[in-house]
Amino acid sequence: MRICTCPFARASLTNCRPALPSTFLSSVRDFAERQNRAACPQRNTHTLSVCPFRSKSKVVMANGGQDVVKDWIAANLDSGKVVKESPAGSSSWSSAHVYHTDSGKKFFVKLSQGRDSSMFEGEAFGLQALYDTRSMRIPKIYHFGNFSAVPEGRGQGKGSFIVMEYLDFGGSYSQADLGQRLAEMHKAEPADEIAKKGMFGFPIDNTIGGTLQPNHWMDNWIDFYRERRLQHQLKLTKDPKLQQMGNKLCDNLDHFFQGVDVKPSVLHGDLWSGNIAGVDGEPSIFDPAVYYGHSEADFGMSWCAGFSSAFYDAYHKVLPKAPGFEDRKQLYLLYHYLNHYNLFGGGYYSSAEGILRSLTNKI
C-alpha cells in the first residue's frame, strides 16, 4: 500500500475487486435503467434516493463514525466482527482506514466528518461504470451511507462513509498494459442507456477533488465541455483576465474539433499517478471523477501521471491518434489546471493562463 503525496490526492488507497456477484450487478443495472427512464434526456432531474449499494443493509445508521462501520461490516459482509482498525492516509475532507475482521478478511473504508454521502455516492457509481467495461481492475464497492451520533455519546458526530474491498497495492504493472487497457475502456460501449444514445454526462453530479463537477446530459460534446467543464471552472476563478481569455476560447471551441467524430466513452476523469497502482501484475485505477465524454479528455491530468512512450504507443494502437490531438490535449489540461487553481491557488494560475494564451492565439 502507498500513500499519495500530490496535494490533489483524495486518500484513495482503494482496493480492487474479485468478480462481482451477478445479483449485485443486476441490481445496479436495473436501478440505473429505472433512473434513466425517468430522467429527461437533457437533464439529471432524478435523485438517487434508493441505492443498490444499500439494498442489503441490515442495520440502521444510528450511531457515529467508526462504530457505524464496524456494525455494518459485522451485520452485512459475513466476515465476522471488526477486531482492528489501521489508519491508511487522509485528505482535506476524508480519512482512510483498513478494518480487520476476526475471519482474517480486511476492508478499506473512508470516513468523512460533517459531510453527507453525496461524494461517496459519486465515487461508488463511477467505479461501477468503470467496472462495467471489463477492461481494468476496479475496486468493488460494498456500501456507502450516512451516520450520526447517538444521545449517549457513542460516535463521532454526523458524517458519511464508504466500504470497499481491501487489496494491498504494491505490485508493479506495465505502462504498455495500462495504455492498452485504458484504450479498451474508452472503446467499450457505455453501460448507461442514455450514454449509449450518444449523450455526454453522467446520471449524477460528482466531484473533481473538492470541486463540484456538473454532469447533466447534453447531446453535443463541444457544448458539454464548454458549459459543464471550462465555463464552470472559469466562473469559479472570479478572475477577469482568465475569464476574458476563456470566453474567447469557449466561443471558438469548434476550431479544435474539425473532422473529429466524438462518441461518449466512460472516463476515469482524474487519471494521475496517485490514482493508478499495480495489483498482481495488472494496472488498477481508482478514486475517479467519472462521466461519459471524449476519450482524449482522460489525458487532462497527464502532467501529473508519468505516462511513458510505451503507454501512448499501446493506447494509440487500439485508438489511433486523431488530427489535432496535441491542441485538444491542451484543452483538456486546461480544465484540470483551472480546477487546481480554484482549489490551491499559487502557480497553477500561470499554467492556466499560459494554456489559454497559447490556444486563443491559434484561433
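Computed from a predicted model, the values in this text were never measured in an experiment.

Cut-offs and rules
Sequence order as written defines residue numbering, which begins from 1 separately in each chain. Only residues with pLDDT of at least 70 are given local features in this predicted model, and only at 80 or more are side-chain atom pairs given and counted; all residues enter the totals for whole chains, interfaces and linings. Note that the side-chain values use all heavy atoms of the structure and ignore hydrogens as well as water. Note on geometry: axes are C-alpha line fits, over the in-contact stretch for helices, and angles between N-to-C directions span 0 to 180 degrees. To qualify as a helix, a DSSP run of H or I must reach at least 4 residues; to qualify as a strand, a run of E must reach at least 2; elements of each kind are numbered from the N terminus. Oblique is the label for every angle not falling under 35 degrees (roughly parallel), over 145 degrees (roughly antiparallel), or within 65 to 115 degrees (roughly perpendicular). By convention the crossing between two helices is left-handed if the near helix lies anticlockwise of the far one by an angle smaller than a right angle, and right-handed if it lies clockwise. Note on contacts: a residue pair is in contact if any heavy atoms of the two residues lie within 4.5 Å. Nonpolar core, defined: a set of buried Ala, Val, Leu, Ile, Met, Phe, Trp, Tyr and Cys residues in which side-chain atoms within 4.5 Å join the residues together. Any residue under 20% of the maximum accessible area for its type is buried, any over 50% is exposed, and the rest in between are partly exposed; the area is computed with a 1.4 Å probe on protein chains only. Here a cavity denotes a set of grid points, spaced 1 Å apart and computed over the protein atoms alone, in which a 1.4 Å probe fits but from which it cannot get out, and a pocket denotes an open set meeting protein on both sides within 12 Å along at least five of seven lines; residues with an atom within 4 Å of a point are reported as lining. Grid points are joined across faces, edges and corners, and a volume is the space filled by probe spheres set on the points. Under the scheme applied, nonpolar residues are Ala, Val, Leu, Ile, Met, Phe, Trp, Tyr, Cys and Pro; charged residues are Asp, Glu, Lys and Arg; polar residues are all the others, including Gly. The predictor's confidence in any single residue is recorded as pLDDT, a number from 0 to 100. Note on pairing: two strands pair once DSSP finds at least 2 bridges between them. Here a pair means two rings of Phe, Tyr or Trp (six-membered ring of Trp) with centres within 6.5 Å. Their orientation is stacked below 30 degrees between planes, edge-to-face above 60, and tilted elsewhere. Whether a charge sits over a ring depends on NZ of Lys or CZ of Arg being within 6 Å of the ring centre and within 35 degrees of the ring normal.

**Q** How would you sum up the packing of helix H9 (residues 325–344) against helix H10 (residues 348–360)? Please name residues and give values.
**A** Packing of H9 against H10 leaves a shortest axis separation of 8 Å and a crossing angle of 150°. Put simply, H9 runs roughly antiparallel to H10. The way H9 lies across H10 gives a crossing that is left-handed. Across the interface between the two elements, Asp327, Gln330, Leu331, Leu333, Leu334, Tyr337, Leu338, His340, Tyr341 and Phe344 from H9 touch Tyr348, Tyr349, Ser351, Ala352, Ile355, Leu356 and Leu359 from H10.

**Q** Run through the environment of arginine 229, naming residues and quoting values.
**A** Mapped onto the secondary structure, arginine 229 falls in helix H6 (residues 221–237). It is 6.6 Å that separates the C-alpha atoms of arginine 229 and tyrosine 335, two residues lying 106 residues apart in sequence. For arginine 229, the residues in contact, after removing those within four places along its chain, are Gln213, Pro214, Asn215, Phe224, Tyr291 and Tyr335.

**Q** Explain the nonpolar core to me, and be specific about the residues and the numbers.
**A** Trp221, Leu230, Leu249, Ile285, Phe307 and Leu331 are the most contacted members of the largest nonpolar core, which totals 78 residues. With residues up to four places along the chain from it excluded, the contact list for leucine 230 reads Tyr225, Leu249, Cys250, Leu253, Leu331, Leu334, Tyr335 and Leu338.

**Q** Account for empty space enclosed by the protein, naming residues and giving values.
**A** In this structure the tally under the stated criterion is four cavities of 30 Å³ or more. Here the second largest cavity is characterised by a volume of approximately 60 Å³. Lining the second largest cavity are Tyr225, Leu267, Gly269, Tyr291, Ala297, Asp298, Tyr332, Tyr335 and His336. Per-element tally for the lining of the second largest cavity: the top contributor is H9, with three residues. Looking at the lining of the second largest cavity residue by residue, the class counts come to six nonpolar, two polar and one charged.

**Q** Give a detailed account of the confidence of the model for the protein, specifying residues and quantitative values.
**A** Per-chain confidence: the protein averages 83 in pLDDT, with 80% of residues scoring 70 or above. A low-confidence stretch, residues 1–52 stays under pLDDT 50, and its non-local contacts, those more than four residues away or across chains, total 147 contacts.

**Q** Hey, could you go over the layout of surface pockets for me, with residue numbers and the actual values?
**A** What the largest pocket holds in volume is close to 450 Å³. Lining the largest pocket we find 24 residues, and of these Asp261, Lys263, Ser265, Ser295 and Leu319 sit closest to its centre. Residue assignment for the lining of the largest pocket shows that the elements contributing at least two residues are helix H4 (175–187), helix H5 (193–196) and helix H8 (309–318). Among the residues making up the lining of the largest pocket, the classes are represented as eleven nonpolar, six polar and seven charged.

**Q** Explain the pairing of strand E4 (residues 141–147) residue by residue, including any values.
**A** Within E4, six of the seven residues are buried, which leaves the element mostly enclosed by the surrounding structure. Note: E4 against strand E5 (residues 159–165), six bridges, orientation antiparallel. Looking at E5, one finds that glycine 145 is bridged to phenylalanine 161.

**Q** Residue-level account of the packing of aromatic side chains, with values.
**A** Summed over all chains, the structure comprises 24 aromatic pairs. Summarising the aromatic geometry, the rings of phenylalanine 200 and tryptophan 221 are spaced 5.6 Å apart at their centres and angled 55° between planes, so their arrangement reads as tilted. With phenylalanine 200 in the loop between H5 and strand E6 (206–208) and tryptophan 221 in helix H6, this residue pair connects regions lying 21 residues apart in the sequence. Take phenylalanine 200 and tryptophan 221: they sit in the same class, and that class is buried. Arranged with centres 6.1 Å apart and planes meeting at 90°, the rings of phenylalanine 307 and tyrosine 312 form a pair that is edge-to-face. Accessibility assignment for this pair places phenylalanine 307 and tyrosine 312 in one class, buried. The rings of Phe200, Trp221, Phe224, Tyr225, Tyr291 and Tyr332 are connected pair by pair, giving a single aromatic cluster. One residue, arginine 229, lies across the ring of tyrosine 291, its end atom 4.1 Å from the ring centre.

**Q** Now, about the packing of H6 against H9: what can you tell me, with residues and values included?
**A** Two measures define how a pair of helices packs: the angle their axes make with one another and the distance between the axes. Following both chains from N to C, one finds H6 and H9 inclined at 25°, their axes separated by 9 Å at the closest point. Classed by the angle they form, the pair H6 and H9 counts as roughly parallel. The hand of the H6/H9 crossing is left-handed. Contacts between H6 and H9 involve Trp221, Tyr225, Arg229, Leu230, Gln233, Leu234, Leu236 and Thr237 from the first element and Leu331, Tyr332, Leu334, Tyr335, Leu338, Asn339, Tyr341 and Asn342 from the second. For the contact of H6 with H9, the class distribution of residues is eleven nonpolar, four polar and one charged.

**Q** Let's hear about the environment of aspartate 280: which residues, and what values?
**A** Here aspartate 280 shows up in the loop between strand E9 (276–279) and strand E10 (282–285). For the pair aspartate 280 and glycine 170, spaced 110 residues apart in the sequence, the C-alpha separation amounts to 8.6 Å.

**Q** I'd like a description of the sheet that holds strand E3 (residues 106–113), backed by residues and values.
**A** Strand order across the open sheet formed by five strands is E1-E2-E3-E5-E4, with antiparallel pairing between neighbours. At either end of the open sheet lies a strand with only one pairing partner, and these are strand E1 (82–90) and E4. Mean inter-strand twist for the sheet, computed between neighbouring axes without regard to direction, equals 20°.

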